[in-house]
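Fold and contact review
What follows is each chain in one-letter form.
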Amino acid sequence: MSNLSRRIFILGGLTTAGAASLQLGALAQPSAAAATPFPFMLGVASGEPDDSSVVLWTRLAPTPTNADGQGGMPNADVAVDWQVSTSQNFTTLVNSGTVTARYAQAHSVHVLAGGLAPDAEYYYRFRAQGFISPVGRTRTAPAIGTVGRDFTMAFASCAHYESGYYTAYRRMADDRPDLILHLGDYIYEGGAGTGGVRQHLGSEIVSLADYRRRYALYRTDPDLQAAHAIAPWLVVPDDHEVENNYANMVRADSSPVLTAAQWTARRTAAYQAYFENMPLRAAATPAGNSIQLYRRVRWGTLATFHMLDTRQFRDDQACGDGTKVCADADLTNRSITGAAQESWLLDGLGQRLGTWDLIGQQVFFARNVNSSGAMNMDAWDGYRASRARIQQGIIDRAVRNPVVLTGDVHASWGNDLKADYADPSSATIGSELVCTSITSGGNGSTTTTIPNGSLNPHLRFYSNQRGYVRTHITPSQLTADFRSVATVTEHGAAATTARTFVIHDGQPGLADA
């Protein structure tokens with residue numbers, strides 16, 4: 001356990017007596033503590049850093065999994081103090097204030113803490129109802145026009161609660177990265193299953209109360225809380241934050257049975273709960289049944305993150321979804337991003353804002369065909385013209401270092417992106433790093449044989465164990481460690497590096513470390 005992790009654990013139990021010695025604001029409510037349970041059971045988080053600000057998050061929920069989704073909070077708004085300091089002891093504050101946690105937003109708190117120095121580390125905490133929250137660590141991006149320090153970024157996806165314990169999240173926290181990306185399937189929408197190491201509460205989630213309760217269940221996990229507390233996060237959802245394999249306003253199936261109005265209400269509720277439970281900026285506040293999530297985040301001149309949304313604007317999966325031989329997947333009018341987002345991405349890539357253009361997104365990008373010629377219609381293989389336009393855009397704009405970061409498939413992959421996947425000798429135009437799942441799929445296996453490898457020579461690495469990807473990024477190279485844990489059905493497995501690749505500046509494609 002790192003020093004910060006240990007401190008987070010200890011501070012989580014502080015009550016008013018401990019708070020008295022701390023330099024907090026005017027909202028001290030010492031008499032409330034005796035009658036009010038600890039409200040910070042879901043931990044703290046930060047996200048969306050730029051060179052002068054970061055979003056700080058918490059949600060008050062003394063009994064997080066109450067069926068009404070309100071976490072045991074009364075039907076009243078609550079004042080929450082917040083502080084930012086350069087030290088874990090909060091001896092000197094660099095910013096502080098008070099924000100209102102509203103009942104209508106499940107007492108979630110999103111503070112935009114500004115006035116921060118670029119490329120700097122900070123600590124933050126909250127106080128409400130006489131209690132002090134755990135302490136979180138965060139940091140800002142380098143100033144625009146500067147490279148800043150080398151930095152470590154980790155990314156992950158697919159954390160089915162029932163399938164295993166969140167050891168991989170804990171190991172990410174142990175690494176003390178500067179930034180964490182989550183690429184979707186933070187929660188799963190299904191009802192309680194059997195045979196897992198733990199259970200969802202209730203049936204498949206549909207209502208806003210359901211989604212709020214599900215996030216609360218997941219966020220009670222101490223390993224997930226540790227990962228949130230150690231670094232700022234950039235997040236994008238995939239399908240399970242709403243419903244499996246949905247496409248824009250089209251459902252994958254009719255289970256559970258919903259009218260059109262009920263389905264719209266479900267999507268609305270899902271995005272509302274997603275916003276409430278993630279450290280997102282106000283620009284992502286949902287409007288009706290949609291939420292603005294594709295965005296660019298700059299990390300000085302070292303890197304630019306282009307965070308994509310491949311669910312809200314996509315055409316329906318071709319040929320009825322699944323793994324198919326499907327000519328319709330080549331139709332030129334099909335898109336996985338929608339026209340506006342595609343244009344936005346290509347424009348951003350053409351600006352060459354950083355040495356590394358990192359495209360954070362949900363589903364498998366490179367071609368992956370099996371011996372029957374079938375491909376996954378839910379991935380970019382089901383939207384081949386869409387992929388071709390992005391790749392041609394990369395070529396036309398001479399994008400120096402494009403790297404696609406992907407989740408979804410519950411296995412680690414390292415891929416070269418080819419100008420023509422039918423011609424292995426064609427130019428390599430970029431790289432794709434696919435993280436495995438945190439838990440989805442259970443323990444997996446130790447195989448590293450690349451499925452259909454002879455048909456897809458651009459697929460360079462495969463591992464079927466759980467874990468995450470850790471990257472160390474400098475102006476001259478990006479080093480990617482595929483990290484894995486041997487088991488998720490027992491607590492506490494060590495993380496080991498299954499394979500390391502290097503991408504050299506100006507040389508697209510994966511090289512051995």
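Per-chain numbering applies: the sequence of each chain, read as written, is numbered from 1 onward. At least 70 in pLDDT is required for a residue's local features to be given in this predicted model, at least 80 for side-chain atom pairs to be given and counted, and no such filter applies to totals for whole chains, interfaces and linings, which use all residues. With hydrogens and water stripped out, all remaining heavy atoms of the structure feed into the side-chain values.

Some words on the overall build of the protein
To keep it simple, the criterion reads: Secondary structure elements are defined from DSSP: runs of H or I of at least 4 residues count as helices, runs of E of at least 2 residues count as strands, and each element is numbered from the N terminus. Radius of gyration here is computed from C-alpha atoms only, and the compact-globule reference equals 2.2 Å multiplied by the residue count raised to the power 0.38. We call a residue buried when its accessible area falls under 20% of the maximum for its residue type, exposed when it is over 50%, and partly exposed in between, using a 1.4 Å probe and counting protein chains only. Contacts were defined at the residue level, with two residues in contact if any of their heavy atoms lie within 4.5 Å. Using a 1.4 Å probe, accessible areas were evaluated by the Shrake-Rupley method; residue-level cover was limited to the displayed protein chains. All tallies of charge rest on Lys and Arg as positive and Asp and Glu as negative; His and the ends of each chain are not included. The location of each charge is read from NZ of Lys, CZ of Arg, CG of Asp or CD of Glu.
Across its full length, the protein carries nine helices and 24 strands. On C-alpha atoms alone, the protein measures out to a radius of gyration of 22 Å, which is about the 24 Å that the 2.2 N^0.38 rule sets for 513 residues. Counting all 513 residues of the protein, 58% fall into the buried class. Excluding contacts between residues fewer than 6 apart, the proportion of contacts in the protein whose partners are at least 24 apart in sequence is 70%. For the protein, the exposed surface amounts to about 17400 Å²; the carbon and sulfur share of it is 52%. Of the side-chain charges in the protein, 41 are positive and 46 negative, and the distance between the mean point of each set is 4 Å.

Section: the UniProt feature "domain: Phospholipase D N-terminal" (unreviewed entry) in the protein
Selection criterion: UniProt positions are given in the numbering used here, feature names are shortened, and annotations may be inferred rather than shown by experiment.
The sites that UniProt annotates as "domain: Phospholipase D N-terminal" (unreviewed entry) are residues 42-140. Helix makes up 0% of residues 42-140 and strand 47%, whereas the separation of the span's terminal C-alpha atoms amounts to 23 Å.

What about the state of the cysteines?
Formally: By convention in this document, the label disulfide applies to cysteine sulfur atom pairs within 2.5 Å.
In the structure shown here, the tally under the stated rule is one disulfide. Two residues, Cys319 and Cys326, share a disulfide whose sulfurs are 2.0 Å apart. Taking the sign of the S-S torsion, about 80° here, the bridge from Cys319 to Cys326 comes out right-handed. Note on Cys158: no disulfide assigned, nearest cysteine sulfur contributed by Cys435 at a separation of 6.8 Å.

Some details on the domain arrangement of the protein
Stated precisely, the cut-off is as follows: Domain start and end points were adopted from an automatic or database domain assignment. A quick way to say it: buried area is the sum, across both parts, of accessible area lost when two parts are put together, with a 1.4 Å probe.
Domain boundaries in the protein define domain 1 (37-140) and domain 2 (147-512). For domain 1 and domain 2, the distance between their C-alpha centroids amounts to 27 Å. Each partner contributes residues to the interface: domain 1 has 39 residues there, and domain 2 has 35 residues. Across the domain 1/domain 2 interface, buried area totals approximately 2900 Å², and carbon plus sulfur atoms make up 48% of it. Looking at the side of domain 1 facing domain 2, the largest losses of area belong to Glu48, Arg137 and Arg139, adding up to 27% of the total buried there.

Some remarks on the environment of Pro451
Within the secondary structure layout, Pro451 lies in the loop between strand 19 (428-434) and strand 20 (459-463). Look at Pro451 and you get partly exposed, because its relative accessible area is 31%. Taking the C-alpha atoms as reference, Pro451 lies 9.1 Å from Asn368; in sequence the two are 83 residues apart. Setting aside chain neighbours within four positions, we find Pro451 in contact with Asn368, Trp413, Asn456 and Tyr462.

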